Amino acid sequence: MAGSMSETVQAPPRRSLIRDALRGTGLYSLALFGPKLASMFLLPIYTRHLTPADYGVMDLLDQAGSFLALFFGSNFSGSLFYFYFQKADERSRNTAASTNILGCIFCGVSLAVFGTVFAEPISNLVFESAAMASYFRIMFITIAFTFAFEAMLGWMRARNEPHLYTIASLTR
């Protein structure tokens, strides 16, 4: 009987569980609000060096990129959680994570190729000019890296590594 009691897994103390939850929440919140706070500090620099037309170009590029990223599967990385937690062992979970990351890389590269090839027609559609095609190419290539990065951030969250997630998010 004594041997079987030593094999049972003890739940962590309640205080430790609450402390870990608060620490994780704080770190994930820092990763969420840090970039927004940084953009507030950068606003005076932007307003000093950019014209209203530059802001308009930035916003249209951002909106077009967001729409196309959504269309091409930018939330593909979110599916990791479903498949990751369906698996019972670490090896299967790592397989699910690597498959998700590779799928995100494939979606991102596909979008980058599409955007690079069709940058001029997209620029004509959005700006009624092909002059911004190079900016679209840069945006599409950046989105390809973003897809992979978001998948890796999802994996860090699934593994419950708030320190690593926060550092990666803030260095982005």
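See above for the structure.
### Regarding the nonpolar core
- Judged by nonpolar contacts, the single largest core of 19 residues is most densely connected at Leu61, Leu111, Phe136, Met139, Phe140, Ile143 and Phe147.
- Elements represented by at least two residues in this core include exactly helix H3 (52–72), helix H5 (90–117), helix H6 (119–127) and helix H7 (133–158).
- Top contributing element to this core by residue count: H7, with seven residues.
- In this structure Phe140 touches Leu68, Leu111, Ala112, Gly115, Thr116 and Ile122, once residues within four positions along its chain are discounted.
- Listed in part, the five residues of the second largest apolar core include Ala31, Leu153, Tyr165 and Ala168.

### Details of the pattern of salt bridges
- Evaluated as defined, the whole model comprises three salt bridges.
- Between Arg159 and Glu90 there is a salt bridge, with the nearest N and O atoms lying 2.7 Å from each other. Here the residue Arg159 occupies a position in the loop between H7 and helix H8 (162–171), and Glu90 occupies one in helix H5, the gap between them amounting to 69 residues.
- With relative accessibility at 33%, the residue Arg159 sits in the partly exposed group.
- Measuring nitrogen to oxygen at the nearest pair gives 3.0 Å for the salt bridge that ties Glu161 to Arg159.
- The class of Glu161 is partly exposed, set by a relative accessible area of 26%.

### Quick notes on the packing of H3 against H6
- Orientation of H3 relative to H6, taken along the N-to-C sense of each, is 120°, at an axis distance of 11 Å. Put simply, H3 runs oblique to H6. The two elements H3 and H6 cross, and the hand of that crossing is right-handed. Only Ile122, Val126 and Phe127 of H6 make contact with H3, whose side of the interface consists of Val57, Leu60, Leu61, Ala64 and Leu68.
- Partitioned by chemical class, the residues of the contact of H3 with H6 number eight nonpolar, no polar and no charged.

What counts and what doesn't
Residues numbered from 1 in each chain as written. Predicted model: local features only at pLDDT ≥ 70, side-chain atom pairs only at ≥ 80, totals over all residues. Heavy atoms only, no water. Core = buried A, V, L, I, M, F, W, Y, C linked by side-chain atoms within 4.5 Å. Buried < 20%, exposed > 50% of the residue type's maximum accessible area, 1.4 Å probe, protein only. Helix = DSSP H or I, 4+ residues; strand = E, 2+ residues; numbered from the N terminus. Contact = heavy atoms within 4.5 Å. Salt bridge = Lys/Arg side-chain N within 4 Å of Asp/Glu carboxyl O. Axes fitted to C-alpha atoms, helices over the stretch in contact; angles between N-to-C directions. Parallel < 35°, antiparallel > 145°, perpendicular 65-115°, else oblique. Left-handed = near helix turned anticlockwise from the far one by under 90°. Nonpolar A, V, L, I, M, F, W, Y, C, P; charged D, E, K, R; others polar.

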